[in-house]
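This is what each chain is made of:
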Amino acid sequence: MEQISTEFEKLVKKQKLTCDQTQINIDKLINQINDAKQKIENDNSQSSTTLTILTSKLKTLSSQVIDNHKELYSSISKYSKSIDKKLKINLDSIWKPNVLQGKEDTLNSILMSHFIREGQFELAEVFSKESNIPISNELKNQFQDLFNIVEAIKRKDLGPALKWAADKRELLKKNNSNLEFELHKLQYIQYLINNDIPSAIQYAKKNFGLFGETNFKDIKRLACSLLYIKNLDTSPYSDLLAPSLWDDIESQFKRDFCSIYGFSSESPLYTAVMVGASSIPPLIKIDTILKVTKNIDWSATSELPVEIPLLDSQRYHSVFACPVSKEQVDCNSKDNYPKMLLCGHIISNESLLALCKGNNIYKHKFKCPYCPTESIEAQTRRVYF
Ligand SMILES: [Zn+2]
């Protein structure tokens, strides 16, 4: 997969280069024709020589354009062949065709929520009519708000985002979010960029007071940056000019918005598809090994036979199920909570007590149910997800 995406990146780069080169050549072609036209208009007697020179120039340029395109099409066809070659895998062994049978409505609602979350509101309306799944207006309005604010951020207008953050100040505080300050900071930086010291000072006076306790260091730095306003880009404050600050604020806004309304920051369908796709290669591998060596069909059980490596952003541990008792364990419970053993494996406190079999838990050495490591109670740690 990685190799394919690297090849794809190369292809896109090449395509861009070829397109740029073609554009340059076409511009040159147009200029040559215009020059020749001008020359003939100025001096008609030289028209035949001018046209001969023009024809030869046009031939060279047009053959360059054709060559560029030949090169591009050959790399596109090579890429598609390479995909066909690398993805020649049989998925029959790891997919269950009946798994969604009778769950069409659930699947349709998931699809519709995904369209709404991606800002495809018109598509969601049409899909709602065709699938007979009522559209959730509450969800739609919430995401419409989100997309309107994000659009404004893209236009470098922080007004709507600041208003939303001020309305949700208490909730943001509860979530330990510094979104409102970061928005004010970016607005202040705009005054610095415009060399507008009075407005910057006025803005800081009006808005930074609220954050004196939580962001004192940042405010001090922002105030000092005024001293370098003439050459901010070569000053120790050049990071304030980073264009990435806009991308950062956009993703922070999306994250905090979703968190306040109780949504995951990424569409659950997107996460499920990405996780599913990255699970295919290890599952095919383990399926082949288990069938050949032990004649076991893992898909008959409800657990995956191996751990699937996932990106940090794809890990969700809001629920912990003890691998020994198979029970869901509340991380904030008083008696039964997750505990990590010396080896790093995690089980519930009740399962840990059971392993000690009534012995003094402070002295008794017990073996981890998943590996040979032995621990005593003092070496275990309570964990929170
Ligand atoms: Zn262990």
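Residues numbered from 1 in each chain as written. Predicted model: local features only at pLDDT ≥ 70, side-chain atom pairs only at ≥ 80, totals over all residues. Heavy atoms only, no water.

- By the naming in an unreviewed UniProt entry, the protein goes by GID complex catalytic subunit 2 and is assigned to Anaeromyces robustus.
- Database annotation for the protein, UniProt heading Subcellular location (unreviewed entry): "Cytoplasm". (UniProt positions renumbered as here; feature names shortened; annotations may be inferred.)

1. Comments concerning the sheet that holds strand β3 (residues 338-340)
Piece 1. Taking strand neighbours across the sheet as the criterion, the three strands line up as β4-β3-β7 in an open arrangement whose pairing is antiparallel. In this open sheet, the two edge strands, each paired with only one partner strand, are β4 (346-348) and β7 (381-382).
Piece 2. Note: β3 against β4, three bridges, orientation antiparallel. Across the sheet, the residue bridging to M340 is I346, located in β4. (Pairing = 2+ DSSP bridges. Helix = DSSP H or I, 4+ residues; strand = E, 2+ residues; numbered from the N terminus.)

2. Regarding the side chain of S348
Piece 1. Secondary-structure assignment places S348 in strand β4.
Piece 2. We classify S348 as buried; its relative accessible area is 1%.
Piece 3. A polar contact is formed between the side chain of S348 and the side chain of S351, at a distance of 2.9 Å.
Piece 4. In this view, S348 contacts F320, C322, S325, V329, N336, Y337 and P338; residues no more than four positions away in its chain are not counted. (Buried < 20%, exposed > 50% of the residue type's maximum accessible area, 1.4 Å probe, protein only. Polar contact = N/O pair within 3.5 Å; in protein donor to acceptor, adjacent residues only side chain to side chain. Contact = heavy atoms within 4.5 Å.)

3. Quick look at the UniProt feature "coiled-coil region" (unreviewed entry) in the protein
Piece 1. In the numbering adopted here, UniProt assigns the feature "coiled-coil region" (unreviewed entry) to residues 12-46.
Piece 2. In the segment residues 12-46, helix accounts for 89% and strand for 0%; the C-alpha atoms at its two ends are 45 Å apart.

4. Regarding the coordination of the zinc ion
Piece 1. Surrounding the zinc ion are the protein donor atoms C343 (SG), H345 (ND1), C368 (SG) and C371 (SG), which sit 2.1 to 2.3 Å from the metal.
Piece 2. Viewed at the metal, the four donor atoms of the zinc ion are separated by angles of 104 to 114°, and the geometry they form is tetrahedral.
Piece 3. Along the chain, the residues donating to the zinc ion are arranged with the sequence spacing C-x1-H-x22-C-x2-C. Of this pair, C343 sits in the loop between β3 and β4 while C368 is found in the loop between β5 (366-367) and β6 (374-375), placing the two residues 25 residues apart along the sequence.
Piece 4. Residue classification places C368 among the buried positions, given a relative accessible area of 1%. (Donors = N, O, S within 2.8 Å, 3.2 Å for Na, K, Ca; no water. Tetrahedral: all angles 85-135°; square planar, octahedral: opposite > 155°, others 65-115°.)

5. Focus on the pattern of salt bridges
Piece 1. If you walk through the whole model with that rule in mind, you get eight salt bridges.
Piece 2. Across the pair D167 and K163 runs a salt bridge, and its minimum N-O distance is 3.4 Å. Placement of the pair is D167 and K163 together in helix α6 (residues 159-167), with a separation of four residues, close to one helical turn.
Piece 3. Its salt-bridge partner being K339, residue E377 comes within 2.8 Å of it at the nearest N-O pair. With E377 in the loop between β6 and β7 and K339 in strand β3, this residue pair connects regions lying 38 residues apart in the sequence.
Piece 4. With relative accessibility at 14%, the residue E377 sits in the buried group.
Piece 5. Salt bridges here are not isolated pairs; linked through shared partners, they connect K154, E250 and K254. (Salt bridge = Lys/Arg side-chain N within 4 Å of Asp/Glu carboxyl O.)

6. Section: the domain arrangement of the protein
Piece 1. Taken domain by domain, the protein comprises domain 1 (2-82), domain 2 (136-260), domain 3 (268-297) and domain 4 (320-382).
Piece 2. Here the C-alpha centroids of domain 3 and domain 4 sit 29 Å apart. (Domains from an automatic or database assignment.)

7. Let's talk about helix α11 (residues 244-260)
Piece 1. The terminal C-alpha atoms of α11, which comprises 17 residues, lie 24 Å apart, in line with the 24 Å expected from a rise of 1.5 Å per residue.
Piece 2. Residues of α11 that are buried: W246, I249, E250, Q252, F253, D256, F257, C258 and I260.
Piece 3. Next to the buried residues of α11 lie α3 (104-117), α5 (137-154), α6, α7 (169-174) and α8 (179-193). (Expected span 1.5 Å × (residues − 1).)

8. Focus: the environment of G102
Piece 1. Structurally, G102 can be placed in the loop between α2 (47-86) and α3.
Piece 2. Under the relative-accessibility criterion, G102 is labelled exposed at 69%.
Piece 3. For the pair G102 and F216, spaced 114 residues apart in the sequence, the C-alpha separation amounts to 57 Å.

9. Overview of unusual backbone geometry
Piece 1. One non-glycine residue with positive phi stands out, namely N176, at about 55°.
Piece 2. The residue N176 is located in the loop between α7 and α8 in this model.
Piece 3. At K326, a residue that is not glycine, the phi angle is positive and equals roughly 65°.

10. Concerning the packing of α3 against α5
Piece 1. Where α3 meets α5, the axes come as close as 9 Å, and the angle between the chain directions of the two elements is 25°. When the axes of α3 and α5 are compared, the pair comes out roughly parallel. Contacts between α3 and α5 involve S113, I116 and R117 on the former and, on the latter, L139, K140, F143 and F147.
Piece 2. In the contact of α3 with α5, the residues fall into four nonpolar, one polar and two charged. (Axes fitted to C-alpha atoms, helices over the stretch in contact; angles between N-to-C directions. Parallel < 35°, antiparallel > 145°, perpendicular 65-115°, else oblique. Nonpolar A, V, L, I, M, F, W, Y, C, P; charged D, E, K, R; others polar.)

11. Things to note about the side chain of S351
Piece 1. Counting through the fold element by element, S351 comes out in helix α13 (residues 349-356).
Piece 2. Overall, S351 belongs to the buried group, its relative accessible area being 7%.
Piece 3. If near-sequence neighbours (up to four positions away) are discounted, S351 is found in contact with C322, V324 and S325.

12. Some details on helix α9 (residues 197-207)
Piece 1. Buried within α9 we find S199, A200, Y203, A204 and N207. All buried residues of α9 project into a common sector of 135° when viewed along the axis, lining one side. Pointing more than 90 degrees away from the buried face of α9 are the exposed residues P198, Q202, K205 and K206.
Piece 2. Where α9 is buried, its residues meet α6 and α8. (Arc of directions from axis to C-beta.)

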